[in-house]
Amino acid sequence: MIDKIQGVRAQGSPTISGNKRASAHRMETNVLLPANEDSFIPNGSRAEYPNEELNRKNLSPEMASALASRYDVSNMTRSEYGNLLRELRDSGVISSKDFSVGYGGAVPYTVPDGVRMTMGDKDDMGLEPWPSDGRKADFTKLLQSCAKCCERFVSVQEDEDSDERIMGSSLGDSYRDLLKIFDQIGRAAKEK
């Protein structure tokens, strides 16, 4: 079940300190958050993303072309990747959930005491390592490996209504949505 998820760690993510602790406290006390602040609020076995727009915008060909002139989705640093995701979220093309999932790169896997999540550091899962220290990577391949890992995880869940299957499907949906957008940006780059 979701309440058994352990060991979640986003690659290269900062720890909460100082002013951000106030933000974390506001989340716990259900105070409204600024619209562009990333926040994830656990709600029992489900998760909520406040200020989430129900209707996302499609990535227009003009926007895809503009993003392709600034970002090479097949050769980016982690920082460039984060900036691209931020632009997509702020323009309404991806949701806060997709931003959080994509930025964190987390995928689930099962262990005897529950479900854990990892970010590309388990060789037996076929995950690509995520770049650090200014190194570049093909983020399309990274997202593909995460989507495939989520699909494999969901396929072995016996109970179709289990929290694990719902969580794995949700993560996989976010990776597939991001892949469609990255494909569109990649095609726009080739058209130039």
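Just so it is clear, the structure is predicted and the values come from calculations on it, not from any experiment.

Draft legend 1. Expanded view of the confidence of the model for the protein. Averaged over every residue, the pLDDT of the protein is 75; the share at 70 or more is 67%. Within the protein, the lowest mean pLDDT, 33, falls on helix H1 (residues 19–28), and the highest, 97, falls on helix H2 (residues 61–70). For the stretch residues 1–48, pLDDT sits under 50, and the model shows 63 contacts to residues farther than four places along the chain or on other chains.

Draft legend 2. How the structure looks around the environment of Cys149. Within the element layout of this structure, Cys149 appears in helix H5 (residues 139–155). A sequence separation of 43 residues divides Cys149 from Ala106, and the C-alpha atoms of the two residues are 9.9 Å apart.

Draft legend 3. Molecular detail of the pairing of strand E5 (residues 114–118). Among the five residues in E5, four count as buried, and that is most of the element. Taken together, the five bridges between strand E4 (residues 107–111) and E5 define a ladder with antiparallel strand orientation. When the bridges of E5 are listed, Val107 appears paired with Thr118. Once E4 ends, the chain turns through two residues before running back antiparallel as E5.

Draft legend 4. Broad picture of the side chain of Ser162. Tracing the backbone shows Ser162 in the loop between H5 and helix H6 (163–191). For Ser162, a relative accessible area of 10% puts it in the buried group. A distance of 3.1 Å separates a polar atom in the side chain of Ser162 from the backbone nitrogen of Arg165.

Draft legend 5. A look at the packing of H5 against H6. The contact between H5 and H6 brings their axes to 8 Å, and the two run at 155°. By the criterion of interaxial angle, the relationship of H5 to H6 is roughly antiparallel. Here the hand of the crossing between H5 and H6 comes out left-handed. Of the residues in H6, those in contact with Phe139, Thr140, Leu143, Gln144, Cys146, Ala147, Cys150, Glu151, Phe153 and Val154 of H5 are Glu164, Arg165, Met167, Gly168, Ser169, Leu171, Gly172, Tyr175, Arg176, Leu178, Leu179 and Phe182.

Draft legend 6. Region of the structure containing the nonpolar core. The biggest cluster of nonpolar side chains holds 39 residues, and the ones touching the most others in it are Leu84, Leu88, Tyr175 and Phe182. Elements with a minimum of two residues in this core: H2, helix H3 (78–90), helix H4 (96–104), E5, H5 and H6. If near-sequence neighbours (up to four positions away) are discounted, Leu84 is found in contact with Leu67, Tyr71, Val73, Met76, Phe182 and Ile185.

Draft legend 7. Structural view of H4. For H4, the full list of buried residues reads Ser96, Asp98, Phe99, Val101, Gly102 and Gly104. Where H4 is buried, its residues touch H3 and H6. Just downstream of H4 lies Gly105, where phi reads positive at about 70°.

The rules we used
Residues numbered from 1 in each chain as written. Predicted model: local features only at pLDDT ≥ 70, side-chain atom pairs only at ≥ 80, totals over all residues. Heavy atoms only, no water. pLDDT = per-residue confidence, 0-100. Helix = DSSP H or I, 4+ residues; strand = E, 2+ residues; numbered from the N terminus. Contact = heavy atoms within 4.5 Å. Buried < 20%, exposed > 50% of the residue type's maximum accessible area, 1.4 Å probe, protein only. Pairing = 2+ DSSP bridges. Polar contact = N/O pair within 3.5 Å; in protein donor to acceptor, adjacent residues only side chain to side chain. Axes fitted to C-alpha atoms, helices over the stretch in contact; angles between N-to-C directions. Parallel < 35°, antiparallel > 145°, perpendicular 65-115°, else oblique. Left-handed = near helix turned anticlockwise from the far one by under 90°. Core = buried A, V, L, I, M, F, W, Y, C linked by side-chain atoms within 4.5 Å.

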